[in-house]
Amino acid sequence: MENIERLHREARSCARWLQGLDEVEIVSHIDADGLSTCGVLVQALRREGIAARIRFVRNGGEALGGPPDLPRVFAELGSGRLDDVQRLPCPTLVVDHHPTVGRVDRAGPHRVFNPRLLGFDGTQEISGSGTAYLIARALDAANADLAALAIVGAVGDRQDRRHGRLIGLNRTIVEEGSRAGVLEARVDLHLFGRQTRPLIRLLEATGLDPGFLHDLDIPVKNGHWLRWGDLAGEERMRLASGLVQWSLATGQGAEAAQRLLAEGYTLPREPEGTPFRDASEYASLLNATARYGEGQVGLDLCLGDRDGAYRRARTLLGRHRKNISAGLALVHDQGLEERSHFSYFCAEDRIRDTILGIITGMALERETGAEKPLVAFARAPEGLKVSARATPAHTQRGLDLGPALMRAAHAVGGDGGGHDIAGGATIPPGAMEEFLDHLDREIGVQMAG
Ligand code: C5P
Ligand code: ZN
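Quick notes on the rules
- Residues numbered from 1 in each chain as written.
- Chains lettered and ligands numbered in written order.
- Predicted model: local features only at pLDDT ≥ 70, side-chain atom pairs only at ≥ 80, totals over all residues.
- Heavy atoms only, no water.
- Domains from an automatic or database assignment.
- Contact = heavy atoms within 4.5 Å.
- Buried area = accessible area lost by both parts, 1.4 Å probe.
- Near = heavy atom within 4 Å.
- Polar contact = N/O pair within 3.5 Å; in protein donor to acceptor, adjacent residues only side chain to side chain.
- Areas by Shrake-Rupley, 256 points an atom, 1.4 Å probe, with all protein chains shown as cover.
- Helix = DSSP H or I, 4+ residues; strand = E, 2+ residues; numbered from the N terminus.
- Nonpolar A, V, L, I, M, F, W, Y, C, P; charged D, E, K, R; others polar.
- Buried < 20%, exposed > 50% of the residue type's maximum accessible area, 1.4 Å probe, protein only.
- Donors = N, O, S within 2.8 Å, 3.2 Å for Na, K, Ca; no water.
- Tetrahedral: all angles 85-135°; square planar, octahedral: opposite > 155°, others 65-115°.

## Focus: the domain arrangement of the chain
Taken domain by domain, the chain comprises domain 1 (2-180), domain 2 (190-309) and domain 3 (335-448). Look at where the C-alpha atoms of domain 1 and domain 2 centre, and you get two points 29 Å apart. The interface is formed by 25 residues belonging to domain 1 together with 20 residues belonging to domain 2. In this assembly, domain 1 packs against domain 2 so that about 1800 Å² is buried in total across both faces, 71% of it on carbon and sulfur atoms.

So, in structure tokens, the structure goes:
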């Protein structure tokens, strides 16, 4: 049973815990949600006069390391290894939405704030940044402006995908952000780059050429290349319905047509034409930073730097995009290997381990109606990195990737976990074949039950 009263009570209790401190160390996960979580916490703490030292980490294991001289806040990680976290000699606070493994120790100096523990769905209805936001709001009602960043994290985790809009606790955060004037939710054309891409490039994702715009009498240039936001409302309607009709006429199915329209989240206080104004583009920019070892750049963006950090991030984003298209091309050229219950590919060192999950998710999406989940391997500093992605249709048949990856990884001396549609693991370098066997068995059992 979900319990909203208890959730807010626990948030207040975490807020009081933080207020008793002068300085904390925040260990932050390196994806868009991790950075947003960290950004929400740092701003809320600064406003209370609490200093924060930041360390960016790739996983829970790294977060456990480092000298325990300060109370430690885990930003969007830690839930997968609660026993280890609670064995640390420093006081800890886990702020996370991942599935928990281990027991919550209510007696010691440790706190775990995770809405899953109170029955909320951490996969779809609240992100790490949303969880951090609940604490921020408990610290001070004036922190409602941080709702914008909380939603960037949720969109970064693609929590809007299944329903075409954010639901549950995320919905409440959207409403609070709207009231605070920092967020707007609107059903809109669902193509990436609405804020920053010229229309002709926005269409690239659909495979259509500029002639399509011409036929619909949509202007593409007026001194400069026009973007989605430059069009008049009536022109936007014409283009959106044109796209939906095209999608139906070309036999892509009602579902694909429906996916062209989804709720989008605008940050109206951010400058027009910048990625910060669109939650999805903002999240993508964040992903281009910490995943390439430049976490401070990402955090500075979250803290409002629209100058030096933005310049650096744009360079990183260019590289990130190239890496993603090169990765997708690699998957396409190399092809997939098949197991009974999933497809997989091994990228060796041709895909950076920190973006393997993004590429796996996109590769799966490209195959509409993908029959099986997709599993991917790449070399990482600490072994072999595994990413796995599935669709809601797979989970409806019983699939739950997180536990399956965890068990298969443990069986070969590795470590893993995650959500139902997104799981990951790190395993010893030579263990791929053995891991594949275990994973096939685990997923087979899930789908049979
Ligand atoms: O790295 P990737 O994006 O593929 O991770 C997918 C999910 O699996 C994330 O929720 C991540 O926290 C989880 N994961 C894990 N243990 C690992 C690697 C990933 O729990 N060793
Ligand atoms: Zn997350």
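## Some points on the site of ligand 1
By nearness alone, 15 residues border ligand 1, and H98, K385, S387, R389 and G424 come closest of all. Note that a nitrogen atom of ligand 1 is positioned 3.3 Å from one of the backbone N or O atoms of D415. Across the complex, the protein chains shield 75% of the 460 Å² of accessible surface that ligand 1 would expose by itself. For the shell around ligand 1, the secondary structure elements donating two or more residues are β13 (383-389), β14 (415-418) and β15 (422-427). The element that contributes the greatest number of residues to the shell around ligand 1 is β15, accounting for five residues. Partitioned by chemical class, the residues of the shell around ligand 1 number two nonpolar, ten polar and three charged.

## So, the environment of G181
With respect to the secondary-structure elements, G181 resides in the loop between α7 (169-179) and β6 (184-189). For G181, a relative accessible area of 29% gives the class partly exposed. In this structure, the C-alpha to C-alpha distance between G181 and A147, residues 34 residues apart in sequence, is 9.9 Å. Sequence-distant contacts of G181, that is, excluding residues within four places in its chain, are made with P268 and R269.

## A look at the coordination of the zinc ion (ligand 2)
Every protein donor of the zinc ion (ligand 2) is listed here as D33 (OD), E76 (OE), H97 (NE2) and D157 (OD), and their distances to the metal cover 1.9 to 2.2 Å. For the zinc ion (ligand 2), the four donor atoms in the first shell make angles of 93 to 150° at the metal, so the coordination geometry reads as irregular. Each donor residue of the zinc ion (ligand 2) lies on one chain, and together they are spaced D-x42-E-x20-H-x59-D. One end of the pair, D33, is in helix α2 (residues 32-47); the other, H97, is in the loop between β4 (92-95) and β5 (110-113), and 64 residues separate them in sequence. We note that D33, like H97, is buried.

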